[in-house]
Amino acid sequence: MARMSAEERRESVIRAAMHEFARGGYYGTSTEAIARRVGVSQPYLFRLFPNKQAMFLAAAERCLHDTREVFAAAAEGLQGEQATQAMANAYTRLIAEDPDKLQMQLQMYVTVAAAEAAGDHELGELVRKGWMELWDTVHVPLGADVGETTTFMAYGMLINTLVAMGFPPDHRVWEGLYPEARVKGRLEK
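This is a predicted model, so every value here is computed, not measured. (Residues numbered from 1 in each chain as written. Predicted model: local features only at pLDDT ≥ 70, side-chain atom pairs only at ≥ 80, totals over all residues. Heavy atoms only, no water.)

A. Structural view of the packing of helix 4 (residues 52-75) against helix 7 (residues 122-139). Their axes nearest at 9 Å, the elements helix 4 and helix 7 cross at an angle of 5 degrees. With respect to helix 7, the axis of helix 4 lies roughly parallel. The segment helix 4 lies against helix 7, with Gln53, Phe56, Leu57, Ala60, Glu61, Leu64, Thr67, Arg68, Phe71 and Ala72 engaging Glu122, Leu123, Leu126, Val127, Gly130, Trp131, Glu133, Leu134, Thr137 and Val138. For the contact of helix 4 with helix 7, the residue count by class is twelve nonpolar, four polar and four charged. (Axes fitted to C-alpha atoms, helices over the stretch in contact; angles between N-to-C directions. Helix = DSSP H or I, 4+ residues; strand = E, 2+ residues; numbered from the N terminus. Parallel < 35°, antiparallel > 145°, perpendicular 65-115°, else oblique. Contact = heavy atoms within 4.5 Å. Nonpolar A, V, L, I, M, F, W, Y, C, P; charged D, E, K, R; others polar.)

Next comes the structure, spelled out in structure tokens:
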């Protein structure tokens with residue numbers, strides 16, 4: 001079996017960190033749990049990342065990047081309502097198939113709020129920058145219309161909340177929310 005390069009090992013740490021932070025949050029996740037998931041020692045982990053915050057930042061950045069990629073791929077060549085439906089369906093599939101993505105997003109928001117309250121703005125700056133890149137990714141396919149983009153992102157945050165609370169796809173609370181994404185996006189693969 002070939003040995004992993006430092007970059008491959010770093011990548012495996014980012015994936016493991018996203019999984020662990022998604023489940024336990026920043027404050028409830030130990031670097032020991034991340035190291036165990038990757039199969040390395042904690043000292044090796046700290047050769048790849050200087051500290052726990054750097055691991056969280058890398059996981060947050062990856063989560064936002066992956067979500068942007070999903071939106072961009074879904075909207076490629078589409079505009080307006082077609083882009084809206086394609087992105088909504090793709091995002092709904094993403095969070096249904098990879099719940100860590102949604103959980104990591106939610107953990108990012110909680111961690112940013114706690115860090116900001118404590119006077120630490122580094123994490124907030126990164127997450128806000130990544131979120132604005134998400135905004136920009138959907139803004140153009142939606143006709144660069146601020147109202148459409150705001151509505152799309154607001155629906156997305158509502159979807160995040162409803163999924164996190166465990167509402168099943170056929171629950172009445174979903175009525176009126178991008179009807180195609182509500183059922184079709186979750187069931188299509």
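B. Structural view of the pattern of salt bridges. Across all of its chains, the model carries ten salt bridges by this definition. For glutamate 20, the salt bridge is made with arginine 37, and the minimal N-O distance between the two is 2.7 Å. A residue pair is termed long-range when its members are at least 10 positions apart, and glutamate 20 in helix 1 (residues 6-24) and arginine 37 in helix 2 (residues 31-38) qualify at 17 residues. By relative accessible area, which is 45% here, arginine 37 ends up partly exposed. Taking the shortest distance from any N to any O, the salt bridge between lysine 129 and glutamate 133 comes out at 2.8 Å. Placement of the pair is lysine 129 and glutamate 133 together in helix 7, with a separation of four residues, close to one helical turn. For lysine 129, a relative accessible area of 52% translates into the label exposed. Three or more residues are tied together by salt bridges with common partners; here these are Glu11, Arg15 and Arg62. (Salt bridge = Lys/Arg side-chain N within 4 Å of Asp/Glu carboxyl O. Buried < 20%, exposed > 50% of the residue type's maximum accessible area, 1.4 Å probe, protein only.)

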